[in-house]
Amino acid sequence: MVHDLTLGSFLRARRGAVVPTSGDLRSAPSRRVRGLRREEVAQRVGVSVDYYIKLEQGKREAPSDNVLHALADVLCLDDAAREHMFDLARRDTRPKHPPETQRVRVGMLRLMESLGAVPAVLLGRRTNILAANPTARLLIHDFNAMPARERNAVRWVLLSQKARTIHRDWGAAAAGLVGMLRMDYGRHPYDQRTAELVEELGAKSEVFTQLWSDRHVAKKAVVDSKVIEHPVVGPIRLHVEAVRTIEDGDQTLNVLIPASDPTSQAAMRHLQKLAGSRSTGVDPRRAGRAGVTGQDGAGTVAGPAGTT
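Below is a short write-up of the structure.

About the cut-offs
Residues numbered from 1 in each chain as written. Predicted model: local features only at pLDDT ≥ 70, side-chain atom pairs only at ≥ 80, totals over all residues. Heavy atoms only, no water. Helix = DSSP H or I, 4+ residues; strand = E, 2+ residues; numbered from the N terminus. Buried < 20%, exposed > 50% of the residue type's maximum accessible area, 1.4 Å probe, protein only. Contact = heavy atoms within 4.5 Å. Areas by Shrake-Rupley, 256 points an atom, 1.4 Å probe, with all protein chains shown as cover. 1 Å grid on protein atoms, 1.4 Å probe; cavity = no way out; pocket = protein on both sides within 12 Å on 5 of 7 lines; lining within 4 Å. Points joined across faces, edges and corners; volume = space filled by probe spheres on them. Nonpolar A, V, L, I, M, F, W, Y, C, P; charged D, E, K, R; others polar. Phe/Tyr/Trp six-rings, centres within 6.5 Å; stacked < 30°, edge-to-face > 60°. Polar contact = N/O pair within 3.5 Å; in protein donor to acceptor, adjacent residues only side chain to side chain. Pairing = 2+ DSSP bridges. Axes fitted to C-alpha atoms, helices over the stretch in contact; angles between N-to-C directions.

**As for the overall build of the chain**
Of regular secondary structure, the chain possesses 14 helices and 5 strands. When each of the 308 residues of the chain is scored for burial, the buried share is 51%. Across the chain, every contact between residues at least 6 apart in sequence was considered, and the portion connecting residues at least 24 apart equals 60%. As presented, the chain carries roughly 15,000 Å² of accessible surface, and 51% of it is formed by carbon and sulfur atoms.

Below you can see the structure in the form of structure tokens.
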């Protein structure tokens, strides 16, 4: 499964996903292939058919930036897929030693804590959960209570029954996170821990196998918004702002802003009340309809700082 992370396999998959135009269909009424033919891609990019075939076969050196941009246009790639294709094309120039251990800056932890009632989760390489503020841990899951190696977003969403329960659109959440993992792997193709994670998920999740074979890539897990079905406060629609940090381009701060509809606002106020009761030591069952179990009650941002 990890061996398909090549420019050639990516080009073949994306070529097959392009819907032929009416002109293509007229010129080939008995079409047997899905998507575009190699000849059609080569003609539109402005290269020879032999050159393009060798690109898909991995028998050519990395193409120029101009050729890559033309391929991205012909294959209708979005920004994430375009960036991923460039990563794959430059794979041989990437450092072959493991990436350095990721650290969470104190300033980032303070920023997340200052958000207070607004949930925030910091994701690192491989979608590792580097930190989550108290509101996020009440809203989604108490990641601090998990073993460090399991604090990974794509692993949790795919293998946890709770994740399936609380995500109204679980499929979209899973697809987004798998897309982030594939993009990260393209950026760090020699990261052994990513390879191990991909192999583990491939063995344990049929959904992961299907999503991974689709070769979808994403810069963030959610395009616009998501709904969390919280077992205590009810459904909350959240707009997700994903911000890549300047100090470490492999860290993304996800801020979950409650939508303005009355249901989401009321549920968030209820969640804030629960969060406040935890910080003051009040039994949450007296603050809401039911207690939220599994929380550590900490009033600080916490996470496996230094997770690799």
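**Side note on empty space enclosed by the protein**
Throughout the structure, instances matching the rule amount to 2 cavities of 30 Å³ or more. Counted as a void, the largest cavity has a volume near 290 Å³. Of all the secondary-structure elements, those providing two or more residues to the lining of the largest cavity are β1 (120–123), α9 (153–159), α11 (170–187) and β5 (252–258). Tallying contributions element by element places α9 first for the lining of the largest cavity, with 3 residues. Split into classes, the residues belonging to the lining of the largest cavity amount to 14 nonpolar, 2 polar and 2 charged. As for the second largest cavity, its lining consists of 15 residues, of which G124, M180, D184, R187 and T252 are closest to the centre. Among the elements that line the lining of the second largest cavity, the one with the most residues is α11, at 5 residues.

**Overview of the packing of aromatic side chains**
The final tally for this structure, using the stated rule, is 2 aromatic pairs. Residues F143 and W156 carry aromatic rings whose centres are separated by 5.5 Å and whose planes lie at 80° to one another, so their mutual orientation is edge-to-face. Of this pair, F143 sits in the loop between α8 (134–139) and α9 while W156 is found in helix α9, placing the two residues 13 residues apart along the sequence. Both rings, one in F208 and one in W212, keep their centres 5.4 Å apart while their planes meet at 25°; by these two values the pair is stacked. With F208 and W212 both in helix α13 (residues 206–214) and 4 residues apart, the pair spans about one turn of that helix.

**Looking at the environment of R182**
Looking at the element boundaries, R182 is found in helix α11. On the accessibility criterion, R182 (1% relative accessible area) is buried. Along the sequence, R182 and V217 sit 35 residues apart, while their C-alpha atoms lie 6.0 Å from each other. Once residues lying within four places of it in the same chain are set aside, the contact partners of R182 are D4, L5, H84, W212, R215, H216 and V217. Here W212 takes part through its backbone oxygen, which lies 2.8 Å from a polar atom of the side chain of R182.

**Some words on the sheet that holds β1**
If you trace the 5 strands from one edge of the open sheet to the other, you get β2-β1-β5-β4-β3, paired in antiparallel fashion. In this open sheet, the two strands that pair with only one neighbour each are β2 (129–132) and β3 (225–230). With strand direction ignored, the average angle separating the axes of adjacent strands in the sheet is 30°. The pairing of β1 with β5 spans 4 bridges and is classified as antiparallel. Directly across from V121, in β5, lies its bridge partner N254.

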